[in-house]
Amino acid sequence: MQQFGVVGLAVMGKNLALNIRNHGFSVSGFSIDRPEVDALAKYEDEKLVPTYTWQEFVASLVKPRKILIMIKAGKPVDLTLAQLKPLLDAGDIIIDGGNSNFHDTNRRVKALASAGIHFIGMGVSGGEEGALNGPALMPGGDEAAFKQVEPILAAIAAKTPSGRPCVSYIGPEASGHYVKMVHNGIEYAIMQEVSEVYDLLRVAGKSNQEMSKIFANWYQGDLDAYLIEITSKVLAQPDDLSSGEVIDRILNVASYKGTGNWMLEDGVALGAPISVIAEAVIGRFMSKQTQRSGQAPQLTSDVPADFVRNLEKALNLAQAVAYAQGFQQLTLAANAYNWGLRYPAIAQNWEAGCIIRSGMLQEIETAYADQPKMGLLFEAPYFAQLMNTNLPALKQVIALAMSAGVPTPTLSATLNYLESIFNPKLPANMIQGQRDYFGAHTYLRNDREGTFHTEWYAEK
Ligand code: 6PG
């Protein structure tokens, strides 16, 4: 009998099954796609068993059964659960490791709980390589059920630089998938920020190979983030089909599967000011709508000597704002959904294995450990200092971008966010005045308690 089962053996499921086996646990694999099972069978030994029917798969597992499903989010998950449910017993545990929408996960938690089956919605990040060698795992659901699978998950997860597994329990219900959704929103934001910086570097005349070295240097410094590391590699990659680097041959239209969009949807529902993440999501829409003829931006003035250094500082600050907005939405969600999230544990979860990993997450972990009730990340001394030090660089970068006609939606949103969050004189009083004028919507005052309405049309 096997200790763990995996349903769905495309690259992520297969690699996770191998990772589990490589850590000494026995695992069964099943897929409705027979060639996927045949591919897993090539690795078969006493600890890795391919199975060919739902019944054979379920019967191969020790009770309570622990099953990870790694399939496309959406309807396939419901179809899989419909197959599994009649074959399982109370106390069995199903983990959904796909990028499921958190509303679906909440529904499934309830539906399976009625049969005594525990459903854990677990964010998995790190792509194929991470699945095999150490992903970041974000499990949410029943905590007692999580404890039963924790030894296996902790063994296969990525480890932080200090050796802690990236798999802390997130919270109840769909909170694990929610945290993965926020991870992906941050991922969209940092990717768009990097793209804008790349755009500015190339407008400033840097070649792909020069840019690759610049990003590689940044990765050795404060910007020690996976997305910076891979940007350097993407820029240096020669093209197989023609001369030069492949980056110049890739069509500039960005795809998406929608997890960033979901973050925005719920951000709107919660009133989360996640402007940088919103601009990143919209940036992908924009890339599909742009006319591909027209004038490319051009620098009209000399590039300042400190431009590359300022871009590094601007990007560092923009990355911090992407994280800050992610945590801001998590705070609102934790309150609205009563999840009691532990922010240091979430930051720790993201320190290794996942796509948004970076050294900055250790600072975020410390910041939330020091002040668990912190409202804004920039209240923490490290981030307040970062803002003060790097803001002039961000302003210089945006000024140059404006003069050259280079769009910087996320970098500009970063500046607007930072200039808004600590500004006691934002002009929303005017909005309230207008609302009260045309609709008698009332307003609060800054000099006395109560709700007020002005008779704007009253005869004087
Ligand atoms: C990860 C990634 C992963 C997936 C993205 C891609 O954490 O490993 O986030 O889940 O590659 O969701 O998303 P888009 O197709 O929407 O860019």
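Residues numbered from 1 in each chain as written. Predicted model: local features only at pLDDT ≥ 70, side-chain atom pairs only at ≥ 80, totals over all residues. Heavy atoms only, no water.

Attention now moves to the overall build of the protein. The number of helices and strands found in the protein is 18 helices and 9 strands. Its C-alpha atoms give the protein a radius of gyration of 25 Å, within 12% of the compact-globule value 23 Å for 460 residues. With respect to the three principal axes, the spread of C-alpha positions in the protein is 80 × 65 × 45 Å. Sequence-distant contacts in the protein: of pairs separated by 6 or more residues, those separated by 24 or more amount to 68%. Just so you have it, the protein exposes about 21200 Å², and 54% of that area is on carbon and sulfur atoms. Taken together, the 38 basic and 47 acidic charged side chains of the protein have centroids lying 3 Å from each other. (Helix = DSSP H or I, 4+ residues; strand = E, 2+ residues; numbered from the N terminus. Rg over C-alpha atoms; globule rule 2.2 N^0.38 Å. Contact = heavy atoms within 4.5 Å. Areas by Shrake-Rupley, 256 points an atom, 1.4 Å probe, with all protein chains shown as cover. Lys, Arg positive; Asp, Glu negative; His and termini not counted. Charge placed at Lys NZ, Arg CZ, Asp CG, Glu CD.)

Viewed as axis vectors pointing N to C, helix α12 (residues 275-289) and helix α13 (residues 307-337) meet at an angle of 105 degrees, and their least axial separation amounts to 8 Å. Judged by the inter-axis angle, α12 sits roughly perpendicular to α13. Contacts between α12 and α13 involve S275, V276 and I277 from the first element and V321, A322, Q325 and G326 from the second. Residues belonging to the contact of α12 with α13 are distributed by class as follows: 4 nonpolar, 3 polar and no charged. (Axes fitted to C-alpha atoms, helices over the stretch in contact; angles between N-to-C directions. Parallel < 35°, antiparallel > 145°, perpendicular 65-115°, else oblique. Nonpolar A, V, L, I, M, F, W, Y, C, P; charged D, E, K, R; others polar.)

Residues V77, T80, L81 and L84 constitute the buried set of helix α4 (residues 75-84). Projected onto a plane normal to the axis of α4, the buried residues spread over an arc of 100 degrees and lie on a single side. Along α4, the residues that are exposed and aim more than 90 degrees away from the buried face are K75, L79 and A82. Contacts from the buried residues of α4 go to β1 (4-7), α3 (54-59), β4 (66-69), β5 (93-96), α5 (102-113) and β6 (118-125). (Buried < 20%, exposed > 50% of the residue type's maximum accessible area, 1.4 Å probe, protein only. Arc of directions from axis to C-beta.)

In the neighbourhood of the ligand, 15 residues make up the surrounding shell, with S125, E187, Y188, K257 and R284 lying closest. Between the ligand and K257 there is a distance of 2.7 Å, counted from an oxygen atom to a backbone nitrogen or oxygen. Here an oxygen atom of the ligand and a side-chain polar atom of R284 are 2.7 Å apart. Element by element, the count of residues in the shell around the ligand is highest for helix α8 (residues 175-203), at 5 residues. Residue composition of the shell around the ligand, by class: 3 nonpolar, 8 polar and 4 charged. Both of domain 1 (4-173) and domain 2 (180-421) provide at least three residues apiece to the shell around the ligand. (Near = heavy atom within 4 Å. Polar contact = N/O pair within 3.5 Å; in protein donor to acceptor, adjacent residues only side chain to side chain. Domains from an automatic or database assignment.)

A grouping of Y437, F438, W456 and Y457 is seen on the molecular surface, where their side chains present a nonpolar patch of about 510 Å² in accessible area. One can find Y437 in helix α18 (residues 428-439). Residue Y437 is classed as partly exposed on the basis of its relative accessible area of 41%. (Patch = residues over 30% accessible without salt bridge, like charges linked within 9 Å, V, L, I, M, F, W, Y side chains within 5 Å. Salt bridge = Lys/Arg side-chain N within 4 Å of Asp/Glu carboxyl O.)

When you line up the elements, E187 lands in helix α8. Buried charge E187 goes without a salt bridge, the closest partner of opposite sign being R284 at 5.4 Å. In contact with E187, not counting residues within four places along its chain, are L227, I355 and I356.

Tracing the backbone shows L299 in the loop between α12 and α13. A sequence separation of 101 residues divides L299 from L400, and the C-alpha atoms of the two residues are 8.1 Å apart. The contacts of L299, once residues within four sequence positions are left out, are V203, A204, L400 and A404.

As a further point, take the domain arrangement of the protein. Taken domain by domain, the protein holds domain 1 (4-173), domain 2 (180-421) and domain 3 (435-460). Each of domain 1 and domain 3 has a C-alpha centre, and these two points are 57 Å apart.

Right, let's talk about the pairing of β4 for a bit. Neither face of β4 is open: one carries K66 and L68, the other I67 and I69, and all of them are buried. Here β1 pairs with β4 via 3 bridges, running parallel. Bridge pairing links V6 to L68 in β4. Bridge analysis of β4 against β5 gives 4 bridges, and the strand direction is parallel. Residue I69 lies in a different strand from β5, and its bridge partner there is D96. Handedness of the β4-α4-β5 crossover: right-handed. (Pairing = 2+ DSSP bridges. Right-handed = clockwise from strand over helix to strand, strands pointing away.)

With that out of the way, let us pick up the sheet that holds β1. Strands sit in the order β3-β2-β1-β4-β5-β6-β7 across an open sheet of 7 strands; the sheet is mixed. Taken across any chain shown, the strands that pair with only one partner, and hence form the sheet edges, are β3 (48-50) and β7 (136-140). Sheet twist, expressed as the mean angle between neighbouring strand axes with direction ignored, is 25 degrees. Strand contacts of helix α2 (residues 34-41): β2 (27-30) and β3, with the helix running at about 150 degrees to β3, the strand carrying the most contacts. Here α4 sits on the sheet in contact with β1, β4, β5 and β6, set at roughly 155 degrees to β4.

Closest axis-to-axis distance for the α8/helix α17 (residues 409-421) pair is 7 Å, and the angle between their directions is 110 degrees. By the angle class used here, α8 and α17 are roughly perpendicular. Contacts from A189, Q192, E193, E196, V197 and L200 in α8 reach P409, T410, L411 and T414 in α17. A per-class count over the contact of α8 with α17 returns 5 nonpolar, 3 polar and 2 charged.

Another aspect to go through is unusual backbone geometry. Residue P64 is bonded to the preceding K63 through a cis peptide linkage, with omega at -10 degrees. Even without being a glycine, A440 presents a positive backbone phi close to 50 degrees. Mapped onto the elements, A440 comes out in the loop between α18 and β8 (443-444).

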